[in-house]
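# Inside the fold
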Amino acid sequence: MGSPPRDDAIVSSPPATLADSRLVVTSDLVEGAATRAAARAERRIVIHLVPHTHWDREWYLPWQRFRMRLVDLVDGLLDEMASDERVRFTLDGQTATVDDYLEIRPEREPDVRQLVADGRLAVGPWRILMDEFLVSGETIVRNLQMGLTRATELGRAMTIGYLPDMFGHVAQMPQILRAAGIGDAVVWRGVPSAIDEHAFTWTSPDGSSVRCEYLLGGYGNGREVLAVADRVGPRLESFVALQAPSADGQLLAMYGEDHSVPRPGYADLVAAFNESQDRFEIRIETLPEALDAISARSAPSLAWTGELRSAARANILMGVTSHRVEVKQAAGRVERLLERTVEPLWALHGDRWPGSFLDQAWSRVVQNSAHDSICACSSEATVAQVLLRYAEAEQVGSGLIDRLLADLARDVPRDAFVVVNPTPAERADLVELDAPATGLSILVDSGDRPVPTQEDAVRPTQVFEVDVAASEVVPFLRRRLHGRELFGYQVCGCGIATQAPDAGPTPVRTLTVDVDIVGDPDELDVDALLDRIAAEVGRSGTDSWRIVVTARPRRRLLARATIPPLGTAVLRLRSGNPGPSRVGSDLPHPVVVGARELSNGLVRVVVADDGTFGLTANDRDLPGVGRIVDGGDAGDSYNYAPPAADRIVEVPREVRVEPGRSGPLVGELRIRRVYDWPAGLLADASGRTTETIGTAVDTLVELRAGEPFVRVAVAADNRSLDHRVRFHLPIPGGADRSLAEGQFAVVERGLVMEGGHGEVPLPTRPAHGFVAAGEIAVLLEHVTEYELLLPRGAERASEMALTLVRATGLISRNENAYREEPAGPVIAAPTGEAQGHRRVAFALLPLARGAAASLASIHEAAERYRHELRTAPGSRPGGESAASAPGGPGLAIDGDSVVLSSLRRRSDAPGRVLELRVVHEAGGDVLARIAGSFDAWRPVDVLGRLEGGNGAGVDAWASAPGRLDLFLRGWEIRTIQLRATTDPA
């Protein structure tokens, strides 16, 4: 370790031949030396030096370019560790760095394993160092699961919640860590000024706590202490002075920085320095060793509960939430698909669990959770790779759900549809069906009761038409046919007719090919059909032929189906009068559409002349919703900053309103507003150009039967540069706080944000599932930036603003008016200008007076908005469903504000074991009732390990015959396993 011998260790015992008096004198001398040594040790400052690197897997360079540097770094590190046993290293808390290296240097895996086993190389617990606010809570959990699993495989996991460079920390992180058996955390950004010591107790809303070490000065606070060999003492004095507010004689010095390792031979320098003086003792340690020594001295005296989003001592870089919204949209779309559709429905209704496919999809999602990746404050190549990974994960997820639906549809006749519900409560909601348009038919459920429907559109029947010579009829068809497929349809048959010539004496023979989206009949001999066509062409003696491909008429049908919790249902078409019964006499709150008005009895929308609209609900009016405000942005990917002479555009020069769908299930109004937005910034970024670009902003306002909220989608073809576009909605009566749903919690936030580090503390904040203020809640599809706007001199916010587009073409700007310290390199990133078609969707839920304090209604609406029903047409020949046709519930969860986070099958457990994770996203206690096809349950931690021990097996199960009452504390995350009693349908 390079520590000097203690003074009292070199005092030897007196020789036995000395007189007793001499023994007394010697004893006094020994005791004096020991006292003086103890005094020096008491005055000595111990520096726990943790050599490490902070490794951004991708950032201003793409992953493969950074990996080349990583391989060089780890090559040198392993060589030095092999030659000097004093060297220790902490590999940034993420196992991705290990595997990125070993993929190139597989021959060095034994070296890594040995160093991990010896405790000299600390790895894990994360798979990758994520941004906590921009991904779902479930993604954070999967990240931790992957990291701990891999670190354990390598020999030992660092059981410290190492969070060195996240742009703030979510409220439930202590509970997540505790649920994985981790009792310590290390943080930097986000710690408020109230914490003025190096350690504090960090507590989640549910009461779970961890001991938290605060890295005052950041993850590189000790990088300079050994920079100059003959200046170690003075540099340590400076380090101690900077740490003075939290110094207690034991200081943690993080010796490292971005993409680098400590200087070679530093262990010799440390040993020589320790020998040369007695004021400091430098100990070379891994992070676990350092925290063990520091935490053993005393318990923290300070405590903090909830999220850490202060900019008191470090930049929070809050602008990353609104930069490159397309990345946040992809993240939200894929996370919802995997967490709440693919995994739960496959777990309950699938056959063989597609674990390997899901592992691939989750691997890509977790890779993208790295803070420079999901924040998209990166190079063009990096952002492209992030979007590609999300696309790959989405391909897996959508392919798996399509496969599951196809499996279920095999037992459903062709005149019927299977519908699945991803929500653990019964849903009566909208589905879109593609149905035949011929004949009289109505849609009914399994009880033969009419299902409310609405005609939406009729698919064109004319697919293709061409005139050819007789000799080309069959060759033409052979070239275009692929088996039975023709122009994306299935051939069902053909007919031949003679038409009078358009001009001249020669008649025209017409071959009409009948096609449909499904084959009817089930089997068709295409070669025999072509032979018959060839024979008819030969007998006709006609040179001129017209080939017409005609699809059987089909219509898009909207239906309001009632589906059991996490279950399936079958809807079928039968003969009947398609009149008023098609709507259904029991349709609740049908939609009525006027020229500028929508209403369903729960919510009323009226569009004003300026293109904004008013909402009326709960006997209260909310006028002026949807003001579009455009302003300049002279900032960068990290921080918004308006130009000194900004020009705000909020009044359209043209407004047009048109009705869309006309009810009774769905009604729409289309609002087009044309604005003259400045083309960009002046060359010196001091203001916006006088040149403008006419930009049409389309707002689609949609209301559905029975829904208490209004769906909104805003779209534009953005051709302006360096600007920010926001959607404003008023808050009548004002609000002094917001409630934002995030990662396993709903966080209450005030109107201001703490600053102090040279960054303007803008209260632009992220919300994941919804945000509420006053008497309005906004339901969100993805993480969205919002701000409560406080008029000058007022104490309550009068408006909420949602950021739709923030366009900027620089990763970082040195002269950012809203941030003193550069956040990265000044590198152009042109696609960050958000050019082209942009669309953001959300929903507005008016709240009854005082309802903002009761979250259950908002959670229920968000669940309905965020998770759509899925459907597929039946594929079984004939008119009857198979005996095993799907239909019925999967799993029901009942409890106010009890939210499903994950339901999947454990492929590593005997039998059919389901793992369920729920969270109570509200204060107070609640009883969650779980019902389904299971006979036993057992509690597990967030990693799937049995609580209270490491054992497993039948003895751990408690009886629960199809029903379980689960007590949850306020804000508690709970993971359990259920032993299923039935195979998938």
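Residues numbered from 1 in each chain as written. Predicted model: local features only at pLDDT ≥ 70, side-chain atom pairs only at ≥ 80, totals over all residues. Heavy atoms only, no water.

### Details of the overall build of the chain
To keep things clear, this is the line we draw: Helix and strand assignments come from DSSP, with helices taken as H or I runs of at least 4 residues and strands as E runs of at least 2, each series counted from the N terminus. Radius of gyration: over C-alpha atoms. The globule rule applied is 2.2 Å multiplied by the number of residues raised to the 0.38 power. Partly exposed describes any residue whose relative accessible area lies between the buried limit of under 20% and the exposed limit of over 50%, with all areas from a 1.4 Å probe on protein chains only and scaled to the type maximum.
Counting secondary structure elements, the chain contains 16 helices and 49 strands. The C-alpha atoms of the chain give a radius of gyration of 34 Å, which matches the 30 Å a tight globule of 985 residues would have. In terms of overall dimensions, the chain has C-alpha extents of about 140 × 65 × 60 Å along its principal axes. Relative to its 985 residues, the chain shows a buried fraction of 57%.

### What about the sheet that holds strand S48 (residues 963–968)?
Definition in use: In short, DSSP must find at least two bridges between two strands for them to pair. To obtain an axis, a line is fitted to C-alpha atoms, over the contacting stretch when the element is a helix, and the angle between two such axes runs from 0 to 180 degrees between their N-to-C directions.
Across the sheet, three strands lie side by side as S42-S45-S48; this open sheet has antiparallel pairing. Edge strands, defined here as strands with exactly one partner in the open sheet, are strand S42 (891–894) and S48. The average angle at which neighbouring strand axes cross in this sheet is 20°, direction not considered. Bridge count for S42 against strand S45 (residues 926–932) is four bridges, and the pairing is antiparallel. The residue bridging Ile-893 from the neighbouring strand is Ile-930, located in S45.

### Remarks on the packing of aromatic side chains
Note on aromatic pairs: each is described by the distance of the centres and the angle between the planes. Going by this rule: Stacked, tilted and edge-to-face are the three classes applied to pairs of Phe, Tyr and Trp rings, where Trp contributes its six-membered ring and a pair requires centres within 6.5 Å; stacked means planes under 30 degrees apart, edge-to-face means over 60, and tilted covers the rest. A positively charged side chain is recorded as over a ring if its NZ (Lys) or CZ (Arg) lies within 6 Å of the ring centre. The angle to the ring normal must also be within 35 degrees.
For the structure shown, the criterion picks out 13 aromatic pairs. Note on Tyr-640 and Tyr-818: the rings are 6.2 Å apart at their centroids and 90° apart in plane angle, and the pair reads as edge-to-face. You can see Tyr-640 sitting in the loop between strand S27 (627–632) and strand S28 (654–662) and its partner Tyr-818 sitting in the loop between strand S39 (797–807) and strand S40 (836–846), a full 178 residues away along the chain. Residue class for Tyr-818 comes out partly exposed when judged on its relative accessible area of 21%. Three or more aromatic residues joined by ring pairs make a cluster, and in this case those are Trp-55, Trp-59, Tyr-60 and Phe-66. Note that Arg-309 overlies the ring of Phe-133, its terminal NZ or CZ placed 4.6 Å from the centroid.

### What to know about the side chain of Arg-88
Basically, it comes down to this: Whenever a nitrogen or oxygen atom comes within 3.5 Å of another N or O atom, the pair is scored as a polar contact, on the condition that within protein one atom can donate a hydrogen and the other can accept it, and that pairs from neighbouring residues in sequence are kept only if both atoms are in side chains.
Following the sequence through the fold, Arg-88 ends up in the loop between helix H2 (63–83) and strand S2 (89–90). A distance of 3.1 Å separates polar atoms of two side chains, one belonging to Arg-88 and the other to Glu-289.

### With respect to H2
As a reminder, the rule being used: Multiply 1.5 Å by the residue count of a helix minus one, and that product is the helix's expected span. Only heavy atoms enter the contact rule, under which two residues are in contact if any of them lie within 4.5 Å.
For H2, with 21 residues, the first-to-last C-alpha span of 30 Å sits near the 30 Å given by 1.5 Å per residue. When we look at burial in H2, the residues that qualify are Trp-63, Phe-66, Arg-67, Leu-70, Val-71, Leu-73, Val-74, Asp-75, Leu-77, Leu-78, Glu-80 and Met-81. In the core, the buried residues of H2 are packed alongside S2, helix H3 (96–102), helix H4 (109–117), strand S3 (121–122), helix H8 (266–276) and helix H13 (380–409).

### Describing the sheet that holds strand S8 (residues 250–255)
Overall, parallel pairing links the three strands, which are arranged S8-S1-S9 in an open sheet. Every other strand in the sheet has two partners, leaving S8 and strand S9 (280–284) as the edge strands with one partner each. Sheet twist, expressed as the mean angle between neighbouring strand axes with direction ignored, is 25°. Examined bridge by bridge, strand S1 (residues 45–51) and S8 share six bridges and lie parallel to one another. Across the sheet, residue Val-50 finds its bridge partner in S8, namely Met-254. With respect to the sheet, helix H7 (residues 232–242) is in contact with S1, S8 and S9, its orientation differing from that of S9 by roughly 90°. In this fold helix H9 (residues 287–295) packs onto S1, S8 and S9, with an angle of close to 165° to the strand it touches most, S8.

### Observations concerning the nonpolar core
Rules: For this analysis, a nonpolar core means a set of buried residues of the types Ala, Val, Leu, Ile, Met, Phe, Trp, Tyr and Cys, connected via side-chain atoms within 4.5 Å.
By size, the foremost hydrophobic cluster in this structure holds 165 residues, and its most contacted members are Trp-202, Leu-226, Leu-287, Leu-916, Ile-930 and Leu-978. For this core, the element with the highest residue contribution is helix H10 (residues 325–349), accounting for 11 residues. Grouped together as the second largest cluster of nonpolar side chains are 56 residues, Leu-598, Ala-716, Leu-751 and Phe-842 included.

### Here we look at the pairing of S45
As judged from the six bridges shared by S45 and S48, these two strands associate in the antiparallel manner. Bridge pairing in S48 links Leu-927 to Phe-967.

### Things to note about the pattern of salt bridges
In plain terms, the rule: Any Lys or Arg side-chain nitrogen found within 4 Å of a carboxyl oxygen on Asp or Glu counts as a salt bridge.
Applying the stated criterion across every chain yields a total of 82 salt bridges. Here Arg-572 makes a salt bridge to Asp-448, at a shortest N to O gap of 2.9 Å. With Arg-572 in strand S21 (residues 568–575) and Asp-448 in the loop between strand S13 (441–444) and strand S14 (453–459), the pair connects residues that are 124 residues apart, well separated along the chain. Its relative accessible area of 33% is what places Arg-572 among the partly exposed residues. The structure contains a network of salt bridges with shared partners spanning Glu-432, Asp-456, Arg-556, Arg-661, Glu-668 and Arg-670.

### Considerations on the state of the cysteines
Where we set the bar: Only a pair of cysteine sulfur atoms within 2.5 Å counts as a disulfide in this structure description.
Taken as a whole and assessed by the stated rule, the structure comprises zero disulfides. Unpaired in terms of disulfides, Cys-375 finds its nearest cysteine sulfur in Cys-377, a separation of 4.8 Å. Given a relative accessible area of 0%, Cys-377 falls into the buried group.

### Quick notes on the confidence of the model for the chain
Just so we agree on the cut-off: Confidence of the predictor in every single residue is expressed as pLDDT, which spans 0 to 100.
Residue-level pLDDT values for the chain average 90, and 91% of them are 70 or greater. Confidence drops under pLDDT 50 across residues 949–954; counting only partners more than four residues distant or on other chains, this segment forms five contacts.

### Details of the packing of H10 against helix H11 (residues 355–368)
For clarity, the cut-off: Should an angle lie under 35 degrees it is considered roughly parallel, over 145 roughly antiparallel, and from 65 to 115 roughly perpendicular; all remaining angles are considered oblique. Each helix crossing is assigned a hand: it is left-handed if the near helix lies turned anticlockwise from the far helix by less than a right angle, otherwise right-handed if that turn is clockwise. Each residue gets one of three labels, nonpolar for Ala, Val, Leu, Ile, Met, Phe, Trp, Tyr, Cys and Pro, charged for Asp, Glu, Lys and Arg, and polar for the others, Gly among them.
Here H10 crosses H11 at 155°, and the two axes come no closer than 11 Å. Considering their axes alone, H10 and H11 lie roughly antiparallel with respect to each other. By crossing handedness, the relation of H10 to H11 is classed as left-handed. In this structure, H10 contributes Val-334, Glu-335, Leu-338, Glu-339, Val-342 and Glu-343 to the contact, and H11 contributes Leu-358, Ala-361, Trp-362 and Val-365. Here the contact of H10 with H11 is composed, by residue class, of seven nonpolar, no polar and three charged.

### Points about H7
Definition in use: In this description, one arc is meant: the one made by directions from the helix axis to the C-beta atoms.
The complete set of buried residues in H7 reads Val-232, Gly-233, Leu-236, Phe-239 and Val-240. For H7, the arc enclosing every buried residue in end-on projection is 115°, short of the 170-degree limit, so these residues lie on one face. Across from the buried face of H7, at angles greater than 90 degrees, the exposed residues are Ala-241 and Leu-242. Structurally, H7 contributes buried residues whose contacts are with S1, S8, H8 and S9.

### With respect to the environment of Glu-103
Secondary-structure assignment places Glu-103 in the loop between H3 and H4. The spacing of Glu-103 and Gly-183 is 80 residues in sequence and 32 Å in space, taken between C-alpha atoms. Beyond its immediate chain neighbours, meaning those up to four positions away, Glu-103 contacts Trp-63 and Arg-67.

### Remarks on the side chain of Glu-972
Looking at the element boundaries, Glu-972 is found in the loop between S48 and strand S49 (973–980). Judged by its relative accessible area of 7%, Glu-972 falls in the buried class.

### Considering unusual backbone geometry
A cis amide bond links Gly-124 to the next residue, Pro-125, at an omega of 10°. Its location among the elements puts Pro-125 in the loop between S3 and helix H5 (137–154). Note that the residue after Gly-663, namely Pro-664, is joined by a cis bond; omega there is 10°. You can see Pro-664 is positioned in the loop between S28 and strand S29 (666–678). The phi angle at Arg-324 is positive, at roughly 50°, despite the residue not being glycine. Secondary-structure assignment places Arg-324 in the loop between strand S10 (303–305) and H10. Overall, the relative accessible area of 3% leaves Arg-324 in the buried class.

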